[in-house]
Each structure stands twice: as C-alpha cells, then as structure tokens.
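So the chains spell out like this:
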Amino acid sequence: MNRREFAATPLLLTACGRAQPETGWPAKWDRELILKSAQIADEKFDPEHKMISVILGPEYRYHTKMRECRAHPTRDSLAYALFLLEEGSKERVERAKEILDRVLNLQVVDPESKWYGIWGWYMEEPPDKMAPADWNWADFNGSLLLVIEFRNGSKLGAELRARVRASIGHAAHSVKRRNVSMSYTNIAMKGTFVTQAAAELLNDEELRAYAKDRMVRLCQAIDETGSFAEYNSPTYALVSLTALTRIRMFVKDAEAKRRAALLERRLWLHMAAHWDAARKQFAGPMSRCYRNDIGYPAWLEKALGGRLKLVTPQNRTDDGDTGIHDYRCPVDLADRFLKAEPEREQRELFVTKPETAGTTYFSKDFSIGTANRGDFWVQRRPLIGFFGDDSRPARTVQLRVVKDGYDFSSALFFSAQRGPRVLGMINFRSPGGDKHISLDPIKDGAFDCGRLFVEFDVEGLDAFTTEQIENTVFVKSKSLQLRFRVLDARWGALRPELKVSKTTQSVTVTLDLKPATAPKRVRWSEVPAAYAAFALELADGDGTFPDSMPVSKLEGSLLHAEWGELKLAASTRVQPVERHQLDFQGDGRPVPRLENRLLAGIAPGIRVG
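Residues numbered from 1 in each chain as written. Predicted model: local features only at pLDDT ≥ 70, side-chain atom pairs only at ≥ 80, totals over all residues. Heavy atoms only, no water.

Caption draft 1: Expanded view of the packing of helix α7 (residues 158-178) against helix α9 (residues 205-223). Across the interface, α7 lies against α9 with an axial gap of 11 Å and an inter-helix angle of 50°. By the angle between their directions, the pair α7 and α9 is classed as oblique. Every pair of crossing elements has a handedness; the one defined by α7 and α9 is left-handed. Where α7 abuts α9, its residues A172, H173, V175 and K176 lie against E206, L207, Y210 and R214. Grouping the amino acids of the contact of α7 with α9 by side-chain chemistry returns four nonpolar, one polar and three charged. (Axes fitted to C-alpha atoms, helices over the stretch in contact; angles between N-to-C directions. Helix = DSSP H or I, 4+ residues; strand = E, 2+ residues; numbered from the N terminus. Parallel < 35°, antiparallel > 145°, perpendicular 65-115°, else oblique. Left-handed = near helix turned anticlockwise from the far one by under 90°. Contact = heavy atoms within 4.5 Å. Nonpolar A, V, L, I, M, F, W, Y, C, P; charged D, E, K, R; others polar.)

Put into structure tokens, the structure is as follows:
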C-alpha cells in the first residue's frame, strides 16, 4: 500500500456503509434493544451493593475460585450502568451513578501494585484473590467506561465524571504496562481503542505515542499471514469488531481511524469467507467458541441493514450493545452473507510458526471445517460442521476429547482436508494442561482420570438410519450423510473399541481411550502410545460416497494415513507439543493468504504470499 492509498482510506468508511437503507434496521430497534437489555438487568440488580447480582454454580471456571455462591460482577454492572444512562430518565441515571460509584471503588489504582488498573471479575474476589487475576478487565471495563464518557459523560456530574476519567487513565496505563502480544487478536484491538481513546480524552502524550506504535504493530501482526491468529471466533470476532467500530465512532486521530478502517474491512472479509449462508452460521474451524450455534446475531442483522431476515428485537432481547454501536458490513461483501455458495472450499493461513491453516468446505446441505493443527481446549473447534437449513438450534457435527466430563486441553489435533474428506489424528502432549491450556497445568506428567474418551457427535438429525461395520459408522438422513472410520487407536497396550449411541435426533460415536475400569492415576511416562487416527467424509442428503477407503500404517512411532490425494503423518507418542509439531505432515499444498495487501506497509506495489 502506498501513501496515497493510505491517505484515501476514509473511503473505506463509505465502503463499510450499510448494505441497504436505514429502513431495513429502523432506529427504533436500537432503542428497543437498549431498553430491553436494561429491563432484563433490572431483575438482577442488588440495591444493597448497587451492582448486578448472579448465582454461580459448581462448574469449573478459570481465573476465579468462586463456586456455588452469589456474586456481583464488575463488567456486567458497568454494562448495566451504560444501558441505564442510554435510557436517560432521572431515576435511571441516578441508579447508573450509584453503580459507577461502587464499581470505580473496586479498581486497583495504586501504580505500585502488580494489579494496577484492573478489577476482579466479582466484587467479592479482588484481583489478588483470583486464580489468577484477569488483566483483560482493564481492556473490557476501560472500554465500557470510555463509551459511558463519550455518550453520557455530561449526565454524571463533575465529580463522578472526573472519577470516571481517572479510572479510564488507570485502565489505559495498565493496558500499556501489560503490552499484550498483538497475536491476542481481540484484546490487541480492544486495548488499542482504550489507549488511543484515553490518550485523546486525557491529553496524555505518553499514551498517545504508545497507542500510535501499538496500532502499527497490530497491523504488522496481521500482515504476517493476512488473517488473524485468533481465527474465525464467533464470540471474539464481535469483540474485535466492536473495538474497531468504537475507534470509528469515538476516536479523532486521522491516522488511527484510517488504519482501523483497514482492519475493520479485513475482519469483515475474514468473517464473510467463513460464513455458511445456507445455515446462517459461522462455519469451522474456530479458534475460540463458547456456543456452536450463533443464535440470533443482532449485530450482523444491523450491519446488513436487516437483510439477513433472522433477527428482530422480538427474538433478541439482550443485546443493547447492538443498539449503541454503528456496525456496518462493507457493501461489496454483503452478498457473501446473504447468498449460499455451494461447492466452495476456503483455505486460509492463520499462523506462520508453526504453520496453522484452516480448510472449510461448503456444500448444498452442509459445511465442514478443520484446522490442520490445534487442541481440544474447551473453546476450540478444530473440527466442526453444520448441516440442514437455517433453523435454530443449529444442526452440528463436532469432535471432542473429554476427560471426566470436561474437554481435555492436553489432547492435540492434526488433520488434512480436501473438500468433504478429512484425515485426522488425536494425540497427547506432555507437559500440558487439564481443563485449561495454561491456567490448569498437569504437574509432573501425572493426573487422576476416571474416564478419557473421544466423542464424535452429530446433533439435529431427522429420520435417520445408522450402520456400524467394524470400525466404521455410517449415518444417513435427508439432509446429511456421513461415514466416520477409526483407522487405528491405542492407549498403552489397550486397543479402544468404538461404540455408537443414538437418540431420536442424534448419533454419538465414542472411543474410550482410558476406560473407567482402568487405574485412576495416569502417569504419562507409563503410556508409551496414546492416539486415535480417523477418517471422515460428509455428503449431501441426496449424494453418494466414492468407493475408495482410507488406509493407515505404523512406522516406528509415526502413523501414516492415506486416502486418495489426502496424506497425513503424526506421532503416536505422548511428548512435548513442539515435538508433535515437527513430526506432523499434512496437506503439502501452499496455503493461500486471505488477502495479500499489507495493512502496515507504505511502500508502493508491495505484494506478499
């Protein structure tokens, strides 16, 4: 990109205009979403503590030790205050001011503190009591306070407004002090908004210089691949998009706005490339995901000017953020969200070292996506498919590795995919994590385990049949056909057996690697081999499968699998992840970049890839 192109990037703001006139998303819908979000939060407001109140269950949650208790979340309380201020009546503004007064007091404001500038997730658990503290709360809460200031600061009164601005300063300097890696996509973008906007608001030259440098580094990080390390995340793509939208809405600096416009368009291009328009879902693979079903994305409906025909304020009542933010899909990309493109394959580079890429195949009745390398942390979706129509809930195909009821982070995934065919390998790393890849490490290579199994799950079937022939399972329905074959599997000396269970709308294939009857204590040093190799193929409901079948063989500690043009090799050992990455051989074809244009460069005519 040359200097003239860079200077012209305000035109990108026009290109990000809505795909049809305002009438497709009436302004009254914004107001309706904000009011409904406030009304829902009203039911959770605790007048004693002036904060939102929630009940926490017994389930595992990283960062916090709190279980089975009542708690008062700081971020949710600030979001509620924002909605109250947007509503604007005297009583609602007074409540918002009470909430702000309470939450501002929970921020660590001592610059000498390790936790400077952040909050705990909950009033009851300050940062020094967490497991461990979440520095992202400077980004999340700082962003909310900035939106409150920019849109409603005049409603707060001089004293409270000064405290809000001071809190923003603490949060922004915490973001600067942490200086997170730009590969942490959503926080990289959110923190860039926080530091840039705070610098302008507070006339802070130190922050201004940092924010300018950070924006360039963010662009450079994306230029490495043309795409995003935190790839195709339904949850965090929205977090990133919101940060960029806030820069467009609130930041004044021309250079920051131009670069943010480039980033915003690239993010829309990335989302469009992975959107399954026939099912109105983001197709796989996904780096981070909390729910397979995107549900009713009001933000996307608004960005498309109401043309998605999926969301109205009547079926989405808890998304006041959409009412506040000016989401816009570039006009030239809108059709990719609205018109299905069957028989399309999307291959895309996400990370350079080790080379991590995704393959997504879109057919008439389904989409299937895989990452060539990944893991089974609970937020990962290294293999996931969608089928059928655009009804809710989504109809899905998913692969998991589960230890005692929770996804096992030490399980790794390697694959090769062409079209609807996948060769895959599940193996294990040590050292590694249990419930979380880094916050819950397995110590000394030993852990307690009741049951560890591979689960291949198909949900949402109608009028289906199944057939199992040895280690191959066939599923046939009017909207999907598939065959799933276990090529080879070991757990030490054990050869796990494939089992199939069914309900009226689902098929679940399980492979017990470590059955409940085996000793509870697992020591990786005593498990010479632990793996499961498989082959998967999907077809439309009226389609057929070719006659060819996959084969595999062991050569020392490497398993080699072939299926026509598909080839894969991966280790059967439990070993460090770095060694697994070196042993893996997958699709040898060059991986294309999402886009070749550089975001950070200014030299004319530069092209990469």
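From this point, things continue past the structure.
Caption draft 2: Main features of the sheet that holds strand β19 (residues 472-476). One open sheet holds the seven strands; their spatial order is β10-β14-β15-β24-β20-β19-β18, and the pairing between them is antiparallel. With one partner strand each, in any of the chains shown, β10 (373-375) and β18 (465-469) form the two edges of the open sheet. The sheet shows a mean angle of 20° between the axes of neighbouring strands, direction not considered. (Pairing = 2+ DSSP bridges.)

Caption draft 3: Focus on the nonpolar core. In terms of nonpolar packing, the biggest core is built from 111 residues, with L100, L145, W268, M271, W299 and F337 touching the most fellow members. Ranked by residue count, the leading element in this core is helix α11 (residues 254-273), at 10 residues. Excluding its chain neighbours within four sequence positions, the residues that come into contact with W299 are L238, L241, W268, M271, F282, I294, D319, T322 and Y327. Grouped together as the second largest cluster of nonpolar side chains are 46 residues, V397, L452, V473 and A532 included. (Core = buried A, V, L, I, M, F, W, Y, C linked by side-chain atoms within 4.5 Å. Buried < 20%, exposed > 50% of the residue type's maximum accessible area, 1.4 Å probe, protein only.)

Caption draft 4: Summary view of the pattern of salt bridges. One pass over the structure, following the stated rule, counts 50 salt bridges. For D404, the salt bridge goes to K403, with nearest N and O atoms at 3.9 Å. The exposure class assigned to D404 is partly exposed, which follows from its relative accessible area of 43%. Residues participating in the shared-partner salt-bridge network are E345, R418, E565, D587 and R589. (Salt bridge = Lys/Arg side-chain N within 4 Å of Asp/Glu carboxyl O.)

Caption draft 5: Structural detail: the side chain of S409. With respect to the helices, strands and loops of the structure, S409 is situated in the loop between β13 (406-407) and β14 (411-418). By relative accessible area, S409 is classed as buried at 1%. A distance of 3.4 Å separates the side chain of S409 from the backbone oxygen of K435, its partner in a polar contact. Excluding anything up to four places from it in sequence, S409 contacts D375, F376, W377, R429, G433, D434, K435, H436 and I437. (Polar contact = N/O pair within 3.5 Å; in protein donor to acceptor, adjacent residues only side chain to side chain.)

Caption draft 6: Main features of the packing of helix α10 (residues 234-250) against α11. Contact pair α10 / α11: the axes reach a minimum separation of 9 Å and the direction vectors enclose 150°. Our classification of the angle between α10 and α11 gives roughly antiparallel. As α10 runs across α11, the sense of the crossing is left-handed. On α11, the residues that touch A237, S240, L241, L244, T245, I247 and R248 of α10 are A256, K257, A260, L263, E264, L267, W268 and M271. Here the residues of the contact of α10 with α11 sort into 10 nonpolar, two polar and three charged.

None of this, on its own, says anything about what the molecule does.
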